[in-house]
Amino acid sequence: MDQLKRQAAARALEEVRDGMQLGLGTGSTAKHFVELLGERVAGGLKVIGVPTSEATRADAERCGVKLTTLDEIDHLDITVDGADEIDPELNLIKGGGGALLREKIVAAASDRMIVIADDSKWVPTLGKFPLPVEVIPFGLGATRRAIEKAFADCGVSGQMAVRKAKDGHVFVTDGGHWIVDAQLGRIADPASLAKALSAIPGVVEHGLFIGLASSAVLAGGGGIRVIERRKP
Ligand SMILES: O=C[C@H](O)[C@H](O)[C@H](O)COP(=O)(O)O
């Protein structure tokens, strides 16, 4: 599986040109991209990156990739990031690693977002992977009730749980927020659900990435598939 992730990362790296400003994703697949990018940088490639998490910042620094922020530059050429699920419209569930907020800010500031994954992430319909919803701890009860209502309005339901870290304490995101994971099973209309969740005051962001990915690079036993998003 790790080999497939690395192959997808290597294919995305072929899109990178000298002088590009890159969004650097988070997770085990994106980490391969950062490592391979570091090798190219050591060989003379000149790029600058914006990391989507403190973990990726540390990886990029270790790999010698020069970093900047979205305050210092006005756009990114390409963001390369992993995903937890990818559907045929290239809508995504992201946030399994808790980095969805910065990932979405960075993807939205990019001309192109390339999603890299092993082909187990390809699904006909999003929802089997629990949907991460990043929330403000204050007023969580009210926020949970509003999320439940949004789910019902969009025809989905399922158990919700505040994410815990490995040490048993509540998982806290890089932005200081909490994550509620919702087991929805099948999300028939991800765009409507995304809109409904975004309208809730206590929701900082959610893991539905709608219309952000430009292409997906999927590595499987039979080779690599590159899927471009259909124009609306
Ligand atoms: O918050 C984490 C990110 O959205 C990751 O890109 C996603 O969870 C996929 O991670 P991995 O490549 O480790 O499966």
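Conventions and cut-offs
- Residues numbered from 1 in each chain as written.
- Predicted model: local features only at pLDDT ≥ 70, side-chain atom pairs only at ≥ 80, totals over all residues.
- Heavy atoms only, no water.
- Helix = DSSP H or I, 4+ residues; strand = E, 2+ residues; numbered from the N terminus.
- Rg over C-alpha atoms; globule rule 2.2 N^0.38 Å.
- Buried < 20%, exposed > 50% of the residue type's maximum accessible area, 1.4 Å probe, protein only.
- Contact = heavy atoms within 4.5 Å.
- Areas by Shrake-Rupley, 256 points an atom, 1.4 Å probe, with all protein chains shown as cover.
- Lys, Arg positive; Asp, Glu negative; His and termini not counted.
- Charge placed at Lys NZ, Arg CZ, Asp CG, Glu CD.
- Pairing = 2+ DSSP bridges.
- Axes fitted to C-alpha atoms, helices over the stretch in contact; angles between N-to-C directions.
- Near = heavy atom within 4 Å.
- Polar contact = N/O pair within 3.5 Å; in protein donor to acceptor, adjacent residues only side chain to side chain.
- Nonpolar A, V, L, I, M, F, W, Y, C, P; charged D, E, K, R; others polar.
- UniProt positions renumbered as here; feature names shortened; annotations may be inferred.

## Some remarks on the overall build of the chain
A tally of helices and strands in the chain yields six helices and 13 strands. Relative to the globule expectation of 17 Å for 232 residues, the C-alpha radius of gyration of the chain, 17 Å, shows essentially globular dimensions. Oriented by its inertia axes, the alpha-carbon framework of the chain measures out at about 55 × 35 × 35 Å. Considering the chain as a whole, with its 232 residues, one finds that 50% of them fall into the buried category. A fraction of 74% describes how many contacts in the chain between residues 6 or more apart in sequence connect residues 24 or more apart. Approximately 10,700 Å² of the chain is accessible, and the part contributed by carbon and sulfur atoms is 52%. Placing the 28 positive and 31 negative side-chain charges of the chain at their respective mean positions leaves the two points 2 Å apart.

## Description of the sheet that holds strand E13 (residues 223-228)
Strand order in the open sheet formed by six strands is E2-E1-E3-E6-E12-E13, and the pairing between neighbours is mixed. With one partner strand each, in any of the chains shown, strand E2 (48-51) and E13 form the two edges of the open sheet. Each strand axis lies, on average, 20° off the axis of its neighbour in the sheet, ignoring direction. Examined bridge by bridge, strand E1 (residues 21-24) and E2 share four bridges and lie parallel to one another. Bridged to Leu-22 within E2 is Gly-49.

## Focus: the site of the ligand
Taken together, the neighbourhood of the ligand is formed by 16 residues, with Ser-28, Thr-29, Asp-84, Glu-103 and Lys-121 sitting nearest. Ser-28 places a side-chain nitrogen or oxygen 2.5 Å from an oxygen atom of the ligand. Take Gly-97: an N or O atom from its main chain is 3.0 Å from an oxygen atom of the ligand. When the ligand is considered free in solution it has 370 Å² of accessible area, and contact with the protein chains removes 91% of it. Considered class by class, the residues forming the shell around the ligand number two nonpolar, nine polar and five charged.

## Re the UniProt feature "active site" (unreviewed entry) in the chain
The UniProt record marks Glu-103 with the feature "active site" (unreviewed entry), using the residue numbering of this structure. By the element assignment, Glu-103 lies in helix H4 (residues 100-108). Of the residues examined, Glu-103 reaches a relative accessible area of 3% and is grouped as buried. The residues contacting Glu-103, other than those within four sequence positions of it, are Thr-26, Thr-52, Asp-81, Lys-94, Gly-95 and Phe-209.

## Section: the pairing of strand E3 (residues 76-81)
Counting buried positions over the six residues of E3 gives six, a clear majority of the element. One ladder, built from three bridges, connects E1 with E3; its direction is parallel. Pairing of Leu-24 across the sheet is with Val-80, part of E3. As defined by bridge partners, E3 adjoins strand E6 (residues 110-118) across five bridges and the pair is classed as parallel. When the bridges of E6 are listed, Thr-79 appears paired with Met-113.

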